[in-house]
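Coordinates in review
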Amino acid sequence: MMQFCKDFNAKTQNIRPDVPLRVCVMAYPDRTFTFFVKPPETTWFLRKACGVNKFTNLAGYVVYDRVSMQQIYEIAKVKKELDPHLMHVSLPAITRQIICQLQSLGVQSTIEYQKPEEIIRPVVKV
């Protein structure tokens, strides 16, 4: 267990402490283990992009949050870069997946340009 903590801290030292990570640990009978760290859920990125803690309960009826296509594209790039299950999926497919998820959360996607420093990349330590 102590070796896992050391390895985990070494692997995640460049990630900010407030970012929730998903970890898959595989333990073997000879007391060895392997693990890989996955990025946060897409909804966490979308909540950070919208600046809210919770989305609407009436998705499809009430739309009060907006996310720009540029932010969606940045989230898709981060997911493709860090998620081992999405490395072989194309960037447009990940973007379409995020847009469909936005619709089910009651968030509208807009086409507006933002300056690059306004885009949130939460897993990069500044």
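Use the structure listed above.
Just so you know, these numbers come straight off a predicted model, no measurement behind them.

This part covers the packing of aromatic side chains. One pass over the full model with this rule turns up six aromatic pairs. On the basis of an interplanar angle of 80° and a centroid distance of 5.9 Å, the ring pair of F4 and F33 is categorised as edge-to-face. Note that F4 is positioned in helix α1 (residues 2–11) and F33 in strand β2 (residues 33–38), a separation of 29 residues in sequence. Using a relative accessible area of 18% as the deciding quantity, one classes F4 as buried. Here the guanidinium or amino end of K11 rests over the ring plane of F35, the centre of that ring lying 5.3 Å away.

Moving on, we get to the nonpolar core. Grouped together as the largest cluster of nonpolar side chains are 22 residues, with contacts concentrated most on L46, F55, V67, I98 and V107. Those elements giving two or more residues to this core turn out to be α2 (42–50), α3 (69–82) and α4 (91–105). Top element by residues in this core is α4. It accounts for six residues. Once you skip the residues sitting within four places of it in the chain, V67 turns out to touch A49, C50, I72, L102, V107, Q108, S109 and T110.

If you trace the backbone, I94 turns up in helix α4. Using a relative accessible area of 1% as the deciding quantity, one classes I94 as buried. Put simply, I94 and Y73 are 21 residues apart on the chain and 8.7 Å apart in space, counted from C-alpha to C-alpha. With residues near it in sequence (within four places) discarded, I94 still touches A76, K79, K80, L86 and V89.

What counts, and where the lines are drawn
- Residues numbered from 1 in each chain as written.
- Predicted model: local features only at pLDDT ≥ 70, side-chain atom pairs only at ≥ 80, totals over all residues.
- Heavy atoms only, no water.
- Phe/Tyr/Trp six-rings, centres within 6.5 Å; stacked < 30°, edge-to-face > 60°.
- Helix = DSSP H or I, 4+ residues; strand = E, 2+ residues; numbered from the N terminus.
- Buried < 20%, exposed > 50% of the residue type's maximum accessible area, 1.4 Å probe, protein only.
- Lys NZ or Arg CZ within 6 Å of the ring centre and 35° of its normal.
- Core = buried A, V, L, I, M, F, W, Y, C linked by side-chain atoms within 4.5 Å.
- Contact = heavy atoms within 4.5 Å.

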